[in-house]
Amino acid sequence: MENANTAPRLPRKRRSLAQELVTVLSEQIRDGQLKRGDKLPTESAIMEAHGVSRTVVREAISRLQAAGQVETRHGIGTFVLDTPSPSGFRIDPATVVTLRDVLAILELRISLEVESAGLAALRRNDEQLAAMRAALDALNESAAHAGDAVASDFAFHLEIALSTGNRYFTDIMTHLGTSIIPRTRLNSARLAHDDQQHYMDRLSREHEEIYEAIARQDSDAARAAMRLHLTNSRERLRHAHEEAERAV
């Protein structure tokens, strides 16, 4: 992106800084300032140009990736893709607002990601496995920061989809975007009557079991670990949903 140092500083009111940055970058893509194949500036350059933190930049890039506007190639950078057609399939995160919505998304994820994990175990290469490890490490380091945790959580699941070698798994995951991660809309730890650290520790163990099965290329174990992870998430939230309905 040219003239990065002259880019407008982002407003501090109304929408979140991450969404403001998404809007600015999306407009540059639509206006042709950033064209298909163009490499986005580094995180540091975007931080300086727009006066935002690294966390804000990473969340914005994650949202653009989820919308299918950019793709990140690990170790190389983030590149602009074609602007997705308005008629293309996409779940608008703004519509995922209730426990019932999140439960429905989890049901869809179980049917999709269990098989994705099994295929990834059989087909992944060393570079893809390293990308999963990097996403998990980032998730573990940023567990206390919801925005970072969501971006890293989504990155881990997206890397698994990429490792299937089947672009349709990747396309569906990309279009679903970060709305698939319950913490983007709900305080999952509170709803599960769990303290945040214990909740995050449990999620970390579940993720590690998925990773380890994929690392040793055990497709059956990878499917089982992914099913357990997503089923646990569904059951924790289902119990919370039932309690909420009884309280009405």
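Residues numbered from 1 in each chain as written. Predicted model: local features only at pLDDT ≥ 70, side-chain atom pairs only at ≥ 80, totals over all residues. Heavy atoms only, no water.

The protein appears in an unreviewed UniProt entry as FadR/GntR family transcriptional regulator from Pseudomonas quebecensis.

**Q** Could you give an account of helix H7 (residues 167–176), naming the residues involved and the relevant values?
**A** Buried within H7 are the following residues: Phe169, Thr170, Met173, Thr174 and Leu176. For H7, the buried positions fall inside an angular range of 160° around the axis, keeping them on one side. What points out from H7, more than 90 degrees from its buried face, is the exposed set Arg167 and Tyr168. Regarding H7, its N-cap is Asn166, as a side-chain oxygen of that residue lies 2.9 Å from the backbone nitrogen of Tyr168 further along. (Buried < 20%, exposed > 50% of the residue type's maximum accessible area, 1.4 Å probe, protein only. Helix = DSSP H or I, 4+ residues; strand = E, 2+ residues; numbered from the N terminus. Arc of directions from axis to C-beta. Polar contact = N/O pair within 3.5 Å; in protein donor to acceptor, adjacent residues only side chain to side chain.)

**Q** Quick one: what's the story with the nonpolar core, residue by residue and with numbers?
**A** Met132, Phe156, Ile160, Ile210, Ile214 and Met226 are the most contacted members of the largest nonpolar core, which totals 25 residues. Residue assignment for this core shows that the elements contributing at least two residues are helix H4 (99–123), helix H5 (126–141), helix H6 (146–163), helix H9 (196–215) and helix H10 (219–247). Top element by residues in this core is H4. It accounts for 8 residues. Not counting residues within four places of it along the chain, the set of residues in contact with Met132 comprises Arg124, Phe156, Glu159, Ile160, Ser163, Tyr211 and Ile214. (Core = buried A, V, L, I, M, F, W, Y, C linked by side-chain atoms within 4.5 Å. Contact = heavy atoms within 4.5 Å.)

**Q** Can you break down the layout of surface pockets residue by residue, with the values?
**A** What the largest pocket holds in volume is close to 810 Å³. In this structure, the largest pocket is lined by 31 residues; those nearest its centre are Glu43, Arg58, Ile61, Thr72 and His74. Looking at the lining of the largest pocket, the elements with two or more residues in it are helix H2 (43–50), helix H3 (54–66), strand S1 (70–73), strand S2 (77–80), H5 and H6. In terms of residues, the lining of the largest pocket owes the most to one element, H6, which gives 7 residues. Across the lining of the largest pocket, the residue classes tally to 14 nonpolar, 10 polar and 7 charged. (1 Å grid on protein atoms, 1.4 Å probe; cavity = no way out; pocket = protein on both sides within 12 Å on 5 of 7 lines; lining within 4 Å. Points joined across faces, edges and corners; volume = space filled by probe spheres on them. Nonpolar A, V, L, I, M, F, W, Y, C, P; charged D, E, K, R; others polar.)

**Q** Tell me about the side chain of Thr170, and please be specific about residues and values.
**A** For Thr170, the position within the fold is in helix H7. Classification of Thr170 as buried rests on a relative accessible area of 14%. With residues up to four places along the chain from it excluded, the contact list for Thr170 reads Leu158, Ala161 and Leu162.

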